[in-house]
Structure formats: C-alpha cells, structure tokens
Amino acid sequence: MTSSTTLGLARFNAATESAATAALHEACASSAWGSKILAQRPFSTVEALFAASDAATAELTDEDLAEAMAGHPPIGRPKPGDPTSSREQRGMAGASEELKAEMLELNLAYQEKFGHVFLICATGATGEQMRDAVKTRIGNTAEQERGNVRTELGKINRIRLTRLVEEDKD
C-alpha cells in the first residue's frame, strides 16, 4: 500500500466513536488496543494507523493479550458464520482429515501448556505450515511464546486494518 489516505481511512477517521470502536473490535478483541488506536484518530496515512497499531500491540499486558486471543478461534476450526476467520484459515480448508485431526490434537496440547489458543497469522499459510509452526512453538517457554503471540497478533491486526481501510463500502 502506498503512503496515502484511502477512502476507507477517511471513512474510519470520520466514523462515530461507537462505529470506530466496533470496527476496531472486529480487527482485534483487545479493548486496550482499540482504545489506544481510537485515541489517536484521525490518521493522516495508513502507515500512521499501522504505526499506532504496532505501538498498541507492543504495549499490551498479558491480560490484554489474553483478551485479544480470546477473539481468535483455534486453527482448523474457524468461527461458524465468520467470513474473516474462514478467509484467514483458508489453508486448512482443503487439509486432509488426518491433518485436521493432528491440528486438533496439537491445538489442545498447546492450549493445555500455555492456557490459550495457538495464535498464528494464518493468512496465506498452508495447513502443513501451520502444523509445523505449532509443533515448533509448543517447545517454547511461556515467555518466548508471549513474544511469538505478540508478533503474530501484530501481523493479523495489520491485515485486518488493511481490509478495514481498503473496503469499498459504496
């Protein structure tokens, strides 16, 4: 995306506080993240919005991260009727039943170890790549994994914000 103000960004900047809050909540379930971004409106460029998102993501507490992760379904089980999670997890849609079963098992083992869903920016990733990532990351310490979660959440937030400011609502 070029350094620009898109029609979608202008629409977001002009939205009522409640509409902007709802749009941000769709991007990330952390209320702290959304509040920090909302407080900085209006944004002059999409890059400024991304910078605000990155800074807000970096400042999330463990509780804020938990709130953000609660908005993400496990890999291989997108929220029914949610086009965003289905689109983001497209790499699992055509996976074999064996791979889906393995992901379910790995998701449960990861969740048991860390107390939250396995979070990965699944956009563009194959089922095998996601499986390999959870297999690798399950060996991490809780501190290492918090860092991974924060990085992955930042990527997801940028993708979702891009969709927010690029959507043609006319």
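Going by the structure above, here's the rest.
So, here's what we can say about the structure. It should be emphasised that the depicted structure is a prediction, and the values quoted were computed from it without experimental measurement.

## Some words on the environment of Val46
At step 1: Positionally, Val46 belongs in helix α4 (residues 46–58).
At step 2: For the pair Val46 and Ala29, spaced 17 residues apart in the sequence, the C-alpha separation amounts to 20 Å.

## Remarks on the packing of aromatic side chains
At step 1: The tally for this structure, following the rule as stated, stands at two aromatic pairs.
At step 2: Ring centres of Tyr110 and Phe114 lie 4.6 Å apart, and the angle between their planes is 45°; this geometry places the pair in the tilted category. Taken together, the residues span about one helical turn, with Tyr110 and Phe114 both in helix α8 (residues 97–114) at a distance of four residues.
At step 3: Judged by its relative accessible area of 15%, Phe114 falls in the buried class.
At step 4: Aromatic pair Tyr110 and Phe118: ring centres 5.2 Å apart, planes at 75°, arrangement edge-to-face. The residues Tyr110 and Phe118 share a single accessibility class, namely buried.

## Quick look at the pattern of salt bridges
At step 1: Evaluated as defined, the whole model comprises nine salt bridges.
At step 2: Residue Glu59 is joined to Lys36 by a salt bridge in which the shortest nitrogen-to-oxygen separation is 3.0 Å. Of this pair, Glu59 sits in the loop between α4 and α5 (62–70) while Lys36 sits in helix α3 (residues 31–38), and the two are 23 residues apart along the sequence.
At step 3: Judged by relative accessible area, which is 47%, Glu59 ranks as partly exposed.
At step 4: In this structure, Arg137 and Glu145 form a salt bridge, with 2.5 Å as the shortest nitrogen-oxygen distance. Like Glu145, Arg137 is buried.
At step 5: It is possible to trace a salt-bridge network through shared partners that takes in Glu102, Arg131, Asp132 and Lys135.

## Comments concerning the nonpolar core
At step 1: Counting residues in each nonpolar core, the largest one holds 44 residues, and the members touching the most others are Phe12, Trp33, Ile37, Leu49, Ile75, Met130 and Leu161.
At step 2: Put simply, the parts of the chain that give this core at least two residues each are α1 (7–14), α2 (17–27), α3, α4, α5, α8, α9 (127–137) and α10 (142–166).
At step 3: What Ile75 contacts, discounting residues up to four positions off in sequence, is Gln89, Met92, Met103, Asn107, Phe118, Ile120, Ala122 and Met130.

## Observations regarding the packing of α4 against α10
At step 1: One way to put it is that α4 packs onto α10 with a least axis distance of 10 Å and a crossing angle of 150°. In terms of orientation, α4 lies roughly antiparallel with respect to α10. Relative to α10, α4 is oriented so that their crossing is right-handed. Between α4, through Val46, Leu49, Phe50, Ser53, Asp54, Thr57 and Ala58, and α10, the contact on the second element is made entirely by Arg150, Leu153, Gly154, Asn157, Arg158, Leu161, Thr162 and Val165.
At step 2: When the residues that make up the contact of α4 with α10 are grouped by side-chain class, the tally is seven nonpolar, five polar and three charged.

What counts, and at which threshold
- Residues numbered from 1 in each chain as written.
- Predicted model: local features only at pLDDT ≥ 70, side-chain atom pairs only at ≥ 80, totals over all residues.
- Heavy atoms only, no water.
- Helix = DSSP H or I, 4+ residues; strand = E, 2+ residues; numbered from the N terminus.
- Phe/Tyr/Trp six-rings, centres within 6.5 Å; stacked < 30°, edge-to-face > 60°.
- Buried < 20%, exposed > 50% of the residue type's maximum accessible area, 1.4 Å probe, protein only.
- Salt bridge = Lys/Arg side-chain N within 4 Å of Asp/Glu carboxyl O.
- Core = buried A, V, L, I, M, F, W, Y, C linked by side-chain atoms within 4.5 Å.
- Contact = heavy atoms within 4.5 Å.
- Axes fitted to C-alpha atoms, helices over the stretch in contact; angles between N-to-C directions.
- Parallel < 35°, antiparallel > 145°, perpendicular 65-115°, else oblique.
- Left-handed = near helix turned anticlockwise from the far one by under 90°.
- Nonpolar A, V, L, I, M, F, W, Y, C, P; charged D, E, K, R; others polar.

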